Amino acid sequence: MSVGSIGRFERSFADWLGVDHAFAFWKGRVAMYAILKALDVGDGDEVILPGYTCVMDVNPIKYLGAKPVYVDIDPITYNLDVSLLEETITPQTKVIVAQHTYGYPCEMDAIMAIAARHDLPVVEDCCLALGSKYKGKTCGTFGAAAYWSFQWNKPFTTGIGGMATTHDPALAEKIRSHCHKELHRPGRKAAVMLSIQRMIYRLFIYPRTTALATSLFRWLTRKGLVVGSSSTCELVPEMAEDFFKGMGRGQARAGLRHVRKIEANLHHRREMARTYDRLLHEADWNVPPIPQSMEPVLVRYPVRVADKQRAVHEAPGAKVEIGTWFECPLHPIETPMHLYGYQDGMCPLAEKACREVVNLPTHPRANGKTARRSVAFITDIGKA
Ligand SMILES: Cc1ncc(COP(=O)(O)O)c(C=O)c1O
């Protein structure tokens, strides 16, 4: 039997990561849902994750009837603070989500040790951390499973898209079985729109044009004229009827092309991060030291600025590509946080980071000139 493009993308991604099983989905959040469901997360269970994330990462927990439990972050790596992890575990805890924020690996030794003591599975959120390593081992190979995103802003893009990976044959079988019974197929219209969007992205989106393109894209999404990464109905924890959707063939073909050039992508991102480090050092900016155990590949380069609002407001005029992740503990700022069990003050260091951090591009369309322009702009805004 011939294997189609989706199967080939799954196989090539699994081979690159060095795991046995990969399942491609419409989005990363769907991959997360598939994993949590296969781990039998359900009513009354608790799932631990950092209080510095995207609400799309919390929805799958709520869809399954479980309760998200937020842990504050380490202010340097933006990952969950492992010294706070154990005290959040209760008899209801079912899963720990280790989100490798911006690409900085979590303290996996400590997380795995705590999880083992409590007999809990760890699921790695690798949506921002393609190719990052902790003590020489690639993120996504530590826990019971991992999920990945191929949305526009992610390490590589299939337009939108996601993947679930695992080395555990029993878990893989459960994911396969749920997919077999319940997975929706993407409609033809969405697939065609997405392929046009990918073409536009390839031709026109560069660091100087990103701000304008993002505003236009958001407007078109609201009008239903493009396939948006998220819709306003995803700002309430109610699952859409066709949420559990697989990947389309066009997305998979785009994914296959990216996997072939993955090492060049990762190399470029490491180089960009080194350039930012150097330029910021030269500008007397205090760049926090990352533990030696971590070899991050940054999807975006985070910096704390004195006036985030001003930075975001003035960046388009200065032709600088500024990212706002994360605008609040459950990005974006429009999230009705009370519906997700988050109350102000729960994660003070995450809230501080939300007020201060902007992020700069490391993607293959950014280069040394992008870095110099961005750093000049940032240093003018001033440090937090
Ligand atoms: C940390 C993190 N995890 C998961 C997701 C969800 O990925 P996707 O947009 O592919 O569903 C996002 C955001 O988009 C994210 O920022």
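Rules used throughout
Residues numbered from 1 in each chain as written. Predicted model: local features only at pLDDT ≥ 70, side-chain atom pairs only at ≥ 80, totals over all residues. Heavy atoms only, no water. Helix = DSSP H or I, 4+ residues; strand = E, 2+ residues; numbered from the N terminus. Expected span 1.5 Å × (residues − 1). Buried < 20%, exposed > 50% of the residue type's maximum accessible area, 1.4 Å probe, protein only. Contact = heavy atoms within 4.5 Å. Phe/Tyr/Trp six-rings, centres within 6.5 Å; stacked < 30°, edge-to-face > 60°. Pairing = 2+ DSSP bridges. Axes fitted to C-alpha atoms, helices over the stretch in contact; angles between N-to-C directions. Parallel < 35°, antiparallel > 145°, perpendicular 65-115°, else oblique. Left-handed = near helix turned anticlockwise from the far one by under 90°. Nonpolar A, V, L, I, M, F, W, Y, C, P; charged D, E, K, R; others polar. Right-handed = clockwise from strand over helix to strand, strands pointing away. Disulfide = S-S within 2.5 Å.

Novice: Go over helix α1 (residues 5-17), please, and point to the residues and values.
Specialist: Under the 1.5 Å per step criterion, the end-to-end length of α1 is 18 Å for 13 residues, consistent within 8% with the ideal 18 Å. Where α1 is concerned, the buried positions are Ser5, Ile6, Phe9, Glu10, Ser12, Phe13, Ala14 and Leu17. Where the residues of α1 are buried, they touch β1 (21-25), β8 (137-138), β9 (145-149), β10 (162-166) and α9 (249-260).

Novice: Would you mind going over the packing of aromatic side chains in detail, with residue names and values included?
Specialist: Under the defined criterion, the tally for this structure stands at 21 aromatic pairs. An angle of 35 degrees between the planes, with centres 5.8 Å apart, marks the rings of Phe25 and Phe244 as tilted. Pair noted here: Phe25 is in strand β1 and Phe244 is in the loop between α8 (210-222) and α9, with a separation of 219 residues, a long-range link. Looking at Phe25, the relative accessible area reads 0%, which means it is buried. According to the relative accessible area criterion, Phe244 is buried, its value standing at 4%.

Novice: Could you give an account of the pairing of strand β2 (residues 46-50), with specific residues and numbers?
Specialist: The buried count for β2 comes to five of five residues, which makes it a mostly enclosed element. Neither face of β2 is open: one carries Glu46, Ile48 and Pro50, the other Val47 and Leu49, and all of them are buried. For β2 and strand β4 (residues 67-71), the ladder comprises five bridges, and the chain directions are parallel. Across the sheet, Ile48 pairs through a bridge with Val69, a residue of β4. Sheet analysis places β2 next to strand β5 (residues 93-99), joined by three bridges and oriented parallel. Each bridged residue has a counterpart across the sheet, and for Val47 the counterpart in β5 is Val95.

Novice: Any details on the packing of helix α10 (residues 262-282) against helix α13 (residues 368-381)? Residues and values, ideally.
Specialist: The interhelical angle for the contact between α10 and α13, taken along N-to-C directions, is 40 degrees, at an axis separation of 10 Å. Considering their axes alone, α10 and α13 lie oblique with respect to each other. Here the hand of the crossing between α10 and α13 comes out right-handed. Of α13, the residues touching α10 (which contributes Met272, Thr275, Tyr276, Leu279 and Leu280) are Ala371, Arg372, Ser374, Val375 and Thr379. For the contact of α10 with α13, the per-class residue count stands at six nonpolar, three polar and one charged.

Novice: Describe the pairing of strand β6 (residues 122-125), and please don't skip the residues or the numbers.
Specialist: Burial along β6 is two-sided: Val122 and Glu124 facing one way and Val123 and Asp125 facing the other are all buried. Both β5 and β6 contribute to a ladder of four bridges, which runs parallel. Its bridge partner being in β6, Ala98 is matched across the sheet by Glu124. Assessed by its sense of winding, the connection that carries the chain from β5 through helix α5 (residues 108-117) to β6 is right-handed. Two elements, β6 and β9, share three bridges in a ladder whose sense is parallel. Residue pairing across strands places Val123 opposite Ala145, the latter belonging to β9.

Novice: Hey, could you go over the state of the cysteines for me, with residue numbers and the actual values?
Specialist: For the structure on display, the rule yields zero disulfides. The cysteine Cys126 is free of any disulfide, with Cys139 supplying the nearest cysteine sulfur at 5.8 Å. Overall, the relative accessible area of 1% leaves Cys126 in the buried class. Given the relative accessible area of 0%, Cys139 is considered buried.

Novice: Can you tell me about unusual backbone geometry, naming the residues and giving the values?
Specialist: Here the amide bond leading from Trp325 into Phe326 is cis, since omega sits at -15 degrees, within 30 degrees of zero. Take Phe326: it is sitting in the loop between α11 (308-314) and β13 (330-331). Here the amide bond leading from His331 into Pro332 is cis, since omega sits at 10 degrees, within 30 degrees of zero. Examined against the element boundaries, Pro332 turns out to sit in the loop between β13 and α12 (348-356). The residue Lys135 is not glycine, and still its phi comes out positive at about 50 degrees.

Take it as geometry only, folks, not as evidence of what the structure does.
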